[in-house]
Amino acid sequence: HLSNLYIKYMNQNKFGEINPNTVSLIMKECVRRAILEIRRQRITFHAQSKIVDYKQEEDLVTSADFAAQEIFINIINENFPKAGIVAEEKFSRKCTDKNHNYYFTIDPLDGTRAYKRKQSHAITTMIAFIFEGVIEAVTIGDPNTLEIFHSRPGSNKVYRIYEFEDAQELVVETETP
């Protein structure tokens, strides 16, 4: 059974050979690789301060932020050369597709202060896919637990993927108070 979004994409040939399944796989692979890089640097990263206009206090950026962001950007460039990109660490590019507007937003390492303190929680890496102004897919990874939370284009389901292998659909338990 094909989702309406899949049919919409394929009928309009918006991405040529690329379809929502491909978008989904690539987003999960971006997050998986970013998680591995963030974990690789967790003892040896370098931190520096940065000023952002949306926070009152000084913020941090680490070498892990930059390395993870580079992973996202390289994979997107290889697979979606016309896609726009908005990334937290001062990188953006407009969509160059003449027929459609789509882009990825990237936060390569959310929770940099927690990361610097070597906390075991409150650290993620994430990417979202926006098509014609609508968030179509989101993938969030936890470098500490190796969990990935993912919703794919054309689906209203969210999955938790444990240690890059077993997936479980997350459902709201309406019976539980």
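As the structure is a computational prediction, the values presented were derived from the model and not from experiment.

Things to note about the packing of aromatic side chains
For the structure on display, the rule yields six aromatic pairs. Seen in terms of ring centroids, Phe80 and Phe104 are 5.1 Å apart; in terms of plane orientation they differ by 50°. Their pairing is tilted. Of this pair, Phe80 sits in the loop between helix H3 (63-79) and strand E3 (84-87) while Phe104 sits in strand E5 (residues 102-110), and the two are 24 residues apart along the sequence. A residue is classified by how much of its surface remains accessible, and Phe104, at 1% relative accessible area, is buried. Aromatic rings pair up to connect Phe80, Tyr102, Phe104, Phe129 and Phe131 into one cluster. Sitting over the ring of Phe164, Arg32 keeps its end group 6.0 Å from the ring centre.

Thoughts on the nonpolar core
In terms of nonpolar packing, the biggest core is built from 35 residues, with Ile76, Phe104, Ile106, Ile127 and Phe129 touching the most fellow members. For this core, the secondary structure elements donating two or more residues are helix H2 (20-41), H3, E3, E5, helix H4 (112-116) and strand E6 (124-131). The greatest single-element share of this core, amounting to eight residues, is contributed by H2. Dropping the residues within four chain positions of it, Ile106 is found in contact with Phe72, Ile73, Ile76, Ile85, Val86, Ala87, Glu88, Met126 and Ile127.

Some words on unusual backbone geometry
Even without glycine at this site, Lys90 takes up a positive phi of about 55°. With respect to the helices, strands and loops of the structure, Lys90 is situated in the loop between E3 and strand E4 (91-93). One non-glycine residue with positive phi stands out, namely Lys118, at about 60°. Take Lys118: it is sitting in the loop between H4 and E6. Here Lys118 falls in the partly exposed class, since its relative accessible area comes to 47%.

What counts, and at which threshold
- Position labels on residues start from 1 in each chain and follow its written sequence.
- For this predicted model, a pLDDT threshold of at least 70 governs which residues receive local features, and a threshold of 80 or more governs which side-chain atom pairs are given and counted, while totals over whole chains, interfaces and linings are taken from all residues.
- With hydrogens and water excluded, all non-hydrogen atoms of the structure serve as input to the side-chain values.
- Note on ring pairs: Phe, Tyr and Trp rings are taken, using the six-membered ring of Trp, and paired if centres are within 6.5 Å. Classes follow the plane angle, with under 30 degrees stacked, over 60 edge-to-face and the rest tilted.
- Only DSSP runs of H or I covering at least 4 residues are called helices, and only runs of E covering at least 2 are called strands; the numbering of each starts at the N terminus.
- Note on exposure labels: buried denotes an accessible area under 20% of the residue type's maximum, exposed denotes more than 50%, and partly exposed covers the range between, all computed with a 1.4 Å probe on protein chains only.
- Consider the ring centre and the ring normal. A charge sits over the ring if Lys NZ or Arg CZ is within 6 Å of that centre and within 35 degrees of that normal.
- Here, nonpolar core means buried Ala, Val, Leu, Ile, Met, Phe, Trp, Tyr and Cys residues that are tied together by side-chain atoms lying within 4.5 Å of each other.
- Any pair of residues with heavy atoms lying within 4.5 Å of one another is described as a contacting pair.

Function cannot be inferred from these measures alone, as they are strictly geometric.
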